[in-house]
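The residues making up each chain are set out below.
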Amino acid sequence: MFQLSENHIFSIYIHWPFCIKKCPYCDFNVHKYYKIDEEAWEKSLIKELKSFKYNFLDKINKKIFIKSIFFGGGTPSIMPIKIIEKLIEYIKNNFCHDQNLEITIEANPEKLTNKNLKLFFSSGINRLSIGIQSLDEKILTFLGRNHNVSEAIKIVENSTNIFDKVSVDLIYGISNQKIESWINQLDIISKLDVNHISTYQLTIEPQTPFYKRFKNGEKLIVNDKISADFYVTTNQFLFPLGFKNYEISNYSRKGNECIHNLNYWNSGNWLGVGPGAHSRFNFNSKRRNIINIKDPKKWIKNIRKFDNSICSDNFESGYDYLIEKLIMGLRLSDGINIKRLNFHPEFKKIIKKEYTLRFIKEGWINLDDNNFSLSSEGRIRLDYILNMLIN
């Protein structure tokens, strides 16, 4: 049985599915931007939020408390500002929330003007996540990005002048990428007054242009050993500068962790609105998993007709929930609260004891009465450890 807290805590994710162009490595639910009916999109997103509130949240016999809002995509920074303002206004007026409610928007450097940044800030957004991806011109071209290095640096400088919380995304593990170049990028970014850096290893995802090129024999990524070298180098460079590797791909200075993403990694509750958005939350002592229709045109049609766009709605089993807890929680440097899991009858069936003991001996797992986490050496081997640990 899932325990509901006194103030039942939720996050809200809003998916904007449009980009000016789709990057060749991206497998997210993204569509090339076309002219939309802005009023219809505004009403539909709010209508979907109302539907979730009426059909689910209002029926939970607890006080609902919103801890974060996240505009993701796609490129939500090209959303009409009026839609952003109306969504934030609706959420603040209809849900309990903290005075310091974290509100993040993802942004790409192209078309991100100083005027846009000020409008975002005045709308209530207080955290900006910028998809720089690289400060190497050749890599930017390889990744299909629309900006250059000088534009990226200028955007970050402008952003930190307006927002207290700015995060930057960078990608590593690209074929022919040099460690020295990577260190130089980290050095530049760390001096731009950002307080959060996300570093992602390039992966080849099915149904992307990169996948087709990879299958045709083109070398696009480095091997696991070199990738591990990038990860270790990142830690060695950022730790002395006050950045903690609080999640396997995320570094922050103290107090600047992403509250919204921590809710995902701790298997919390969240609502997802917009095409292809996912929702997971505890409902009537069970964990509900809802997925929206991906296609934007079908999504808006269903909202108009049924007030929702649900294409999949099911309850997770206790076993599935524990798998989720392990997969997500072991990404965190703090790991998982072991006491809570030990009360669950499925827990000991899931973990292979012999591998747990072996990985403790190797120094990859830290385990005591209260906590189950991976060491730095263990986190390099996260996928391998999970594959071996879980029955």
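Scroll up to find the structure this text is about.
Source: prediction; values computed, not measured. (Residues numbered from 1 in each chain as written. Predicted model: local features only at pLDDT ≥ 70, side-chain atom pairs only at ≥ 80, totals over all residues. Heavy atoms only, no water.)

Focus on helix H8 (residues 224-238)
Now for step 1: In a regular helix each residue adds 1.5 Å, so 15 residues correspond to 21 Å; H8 covers 21 Å between its end C-alpha atoms and thus fits that length.
Now for step 2: For H8, every residue scored as buried is listed here: Ser227, Ala228, Phe230, Tyr231, Thr233, Thr234, Asn235 and Leu238.
Now for step 3: Taken together, the buried residues of H8 touch strand E7 (165-172), helix H6 (179-190), strand E8 (196-201), strand E9 (244-247), strand E10 (250-252) and helix H15 (376-380).
Now for step 4: Here H8 starts with a cap whose side-chain oxygen sits 3.2 Å from the backbone nitrogen of Lys225, and that cap is Asn223. (Helix = DSSP H or I, 4+ residues; strand = E, 2+ residues; numbered from the N terminus. Expected span 1.5 Å × (residues − 1). Buried < 20%, exposed > 50% of the residue type's maximum accessible area, 1.4 Å probe, protein only. Contact = heavy atoms within 4.5 Å. Polar contact = N/O pair within 3.5 Å; in protein donor to acceptor, adjacent residues only side chain to side chain.)

Side note on the sheet that holds strand E17 (residues 371-374)
Now for step 1: Pairing within the open sheet is antiparallel, and its three strands lie in the order E15-E17-E16. Only two strands of the sheet have a single neighbouring strand rather than two, namely strand E15 (336-337) and strand E16 (365-367).
Now for step 2: Sheet analysis places E15 next to E17, joined by two bridges and oriented antiparallel. Looking across to E17, one finds that Asn337 is bridged to Asn371. (Pairing = 2+ DSSP bridges.)

Some words on the packing of aromatic side chains
Now for step 1: The tally for this structure, following the rule as stated, stands at 25 aromatic pairs.
Now for step 2: Consider the rings of Tyr246 and Trp265, whose centres lie 6.1 Å apart with planes at 65°: the pair is edge-to-face. Taken together, the positions of Tyr246 in strand E9 and Trp265 in helix H9 (residues 259-265) put the pair 19 residues apart, joining distant regions of the chain. In this pair, the class of Tyr246 matches that of Trp265, namely buried.
Now for step 3: Considering the side-chain rings of Trp364 and Tyr384, the 6.5 Å spacing of their centres and the 75° angle between planes classify their relative orientation as edge-to-face. On the criterion of sequence distance, the pair formed by Trp364 in the loop between helix H14 (353-362) and E16 and Tyr384 in helix H16 (residues 382-389) is long-range, its members being 20 residues apart.
Now for step 4: On the basis of relative accessible area, Trp364 is assigned to the buried category, the value being 11%.
Now for step 5: The structure contains a cluster of three or more aromatic residues connected by ring pairs, namely Trp16, Phe18, Tyr33, Tyr34, Trp41 and Trp299.
Now for step 6: Lying across the ring of Phe95, Lys53 places its NZ or CZ 6.0 Å from the centre.
Now for step 7: The ring centre of Phe315 lies 5.4 Å from the NZ or CZ of Lys286, which sits over that ring. (Phe/Tyr/Trp six-rings, centres within 6.5 Å; stacked < 30°, edge-to-face > 60°. Lys NZ or Arg CZ within 6 Å of the ring centre and 35° of its normal.)

Examining the nonpolar core
Now for step 1: Ranked by size, the top nonpolar core spans 90 residues in total, and within it Ile14, Trp41, Ile66, Phe71, Leu87 and Ile91 carry the most contacts.
Now for step 2: Within the second largest apolar cluster, 13 residues are counted, among which are Cys23, Tyr25, Cys26 and Leu202. (Core = buried A, V, L, I, M, F, W, Y, C linked by side-chain atoms within 4.5 Å.)

Observations concerning unusual backbone geometry
In most cases, non-glycine residues show a negative phi, while peptide bonds are predominantly trans.
Now for step 1: Of the consecutive residues Gly73 and Gly74, the connecting peptide bond is found in the cis state with omega at 20°.
Now for step 2: Inspection of the secondary structure assignment puts Gly74 in the loop between strand E4 (63-73) and helix H2 (81-94).
Now for step 3: Despite not being glycine, Asp193 has its phi angle at roughly 70°, a positive value.
Now for step 4: Locating Asp193 in the fold gives a position in the loop between H6 and E8.
Now for step 5: Its identity as a non-glycine residue notwithstanding, Gln207 has a phi of 65°, on the positive side.
Now for step 6: Mapped onto the elements of the fold, Gln207 is located in the loop between E8 and helix H7 (209-215).
Now for step 7: Residue Gln207 is classed as exposed on the basis of its relative accessible area of 80%.

Remarks on the side chain of Glu324
Now for step 1: Structurally, Glu324 can be placed in helix H11 (residues 318-329).
Now for step 2: Looking at Glu324, the relative accessible area reads 7%, which means it is buried.
Now for step 3: Among the polar contacts listed, one links the side chain of Glu324 to the side chain of Arg280, at a separation of 3.0 Å.
Now for step 4: Among all residues touching Glu324, those that are not within four sequence positions of it are Ser267, Arg280, Arg287, Glu316 and Gly329.

Regarding a nonpolar patch on the surface
Now for step 1: Taken together, Leu357, Ile360 and Leu367 make up a surface patch of nonpolar side chains, about 260 Å² in accessible area.
Now for step 2: Within the secondary structure layout, Leu357 lies in helix H14.
Now for step 3: For Leu357, a relative accessible area of 52% gives the class exposed. (Patch = residues over 30% accessible without salt bridge, like charges linked within 9 Å, V, L, I, M, F, W, Y side chains within 5 Å. Areas by Shrake-Rupley, 256 points an atom, 1.4 Å probe, with all protein chains shown as cover. Salt bridge = Lys/Arg side-chain N within 4 Å of Asp/Glu carboxyl O.)

Quick look at empty space enclosed by the protein
If you roll a probe as big as a water molecule over the atoms, it shows you where there is empty space left.
Now for step 1: Applying the stated rule across the entire model yields one cavity of 30 Å³ or more.
Now for step 2: Estimates place the volume of the largest cavity at around 30 Å³.
Now for step 3: Tallied by class, the residues present in the lining of the largest cavity amount to two nonpolar, four polar and one charged. (1 Å grid on protein atoms, 1.4 Å probe; cavity = no way out; pocket = protein on both sides within 12 Å on 5 of 7 lines; lining within 4 Å. Points joined across faces, edges and corners; volume = space filled by probe spheres on them. Nonpolar A, V, L, I, M, F, W, Y, C, P; charged D, E, K, R; others polar.)

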